[in-house]
Amino acid sequence: GAQIARAAGEFRTATSENAGTAELSEGPKGVVIRASVDGLAPGWHGIHFHAVGDCSDEGFQKSGGHAHHESEKPPHGLLTPQGPDDGDLPNIHADDNGRARAELYSPFVTLSGAEGRAMLLDGDGAAIVIHEGPDDHVSQPIGGAGARVACAVIRKAD
């Protein structure tokens, strides 16, 4: 069959270099993300694609804003009338031990350069960022999700 584009990343947190993994696989209309993360606060967390593949600084600000395929971004939020932006994803949930295991899907991003979607494997890469609280999918600019608590640089997988 056709070659499936794949990518992967390792999550880091303020306390752990290796807090879990993200595996990405591209299908015909979008990307499946399997996330496995430890060390989160119990409860719901916003998770988004950010535009720059850099998780090296404290607070993960170098990952920039949300990934997008055009210079002008629509408003944030899966429930926003003019939204969502290409970086938006459903929330993930961490259990009482701080473990989150989730499979997410986004029709807004691409690993292979599909037209009209944010290219994750471009020159400056991309990151998956997890926030301290849930994304309400409406509030601007990030759904009230708060500080960035985990970050994974997305890299092409063999």
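Just above sits the structure.
Everything quoted here is computed from the prediction, not taken from an experiment.

S.K.: I would appreciate a short explanation of the pattern of salt bridges in the present structure.
M.R.: A side chain of one charge can pair with a side chain of the opposite charge when the charged atoms of the two come close. Going through the model one piece at a time under the given rule, you end up with five salt bridges. One salt bridge connects Glu 17 with Arg 12, and the closest N-O pair in it is separated by 2.8 Å. Residue class for Glu 17 comes out exposed when judged on its relative accessible area of 58%. Its relative accessible area of 25% is what places Arg 12 among the partly exposed residues. Between Arg 99 and Asp 95 there is a salt bridge whose closest N-O contact spans 3.7 Å.

S.K.: What is the right way to read unusual backbone geometry from this model?
M.R.: Generally, phi is negative for residues other than glycine and the peptide bonds are trans, each holding for most cases. The amide bond that connects Gly 83 to the next residue, Pro 84, takes the cis arrangement and shows omega of -5 degrees. Secondary-structure assignment places Pro 84 in the loop between strand S5 (47-50) and strand S6 (92-94). The peptide bond linking Gln 140 to Pro 141 adopts the cis configuration, its omega dihedral lying at 0 degrees. Checked against the element boundaries, Pro 141 lands in the loop between strand S10 (127-131) and strand S11 (148-153). In this structure, Phe 60 takes a positive phi of about 60 degrees despite not being glycine. Since its relative accessible area comes to 5%, Phe 60 is described here as buried. With a phi angle near 65 degrees, His 137 is a residue other than glycine that sits in the positive phi range. In this fold, His 137 is placed in the loop between S10 and S11. By relative accessible area, His 137 is classed as buried at 13%.

Thresholds applied
- Residues numbered from 1 in each chain as written.
- Predicted model: local features only at pLDDT ≥ 70, side-chain atom pairs only at ≥ 80, totals over all residues.
- Heavy atoms only, no water.
- Salt bridge = Lys/Arg side-chain N within 4 Å of Asp/Glu carboxyl O.
- Buried < 20%, exposed > 50% of the residue type's maximum accessible area, 1.4 Å probe, protein only.
- Helix = DSSP H or I, 4+ residues; strand = E, 2+ residues; numbered from the N terminus.

Honestly, it's all geometry; don't read function into it.
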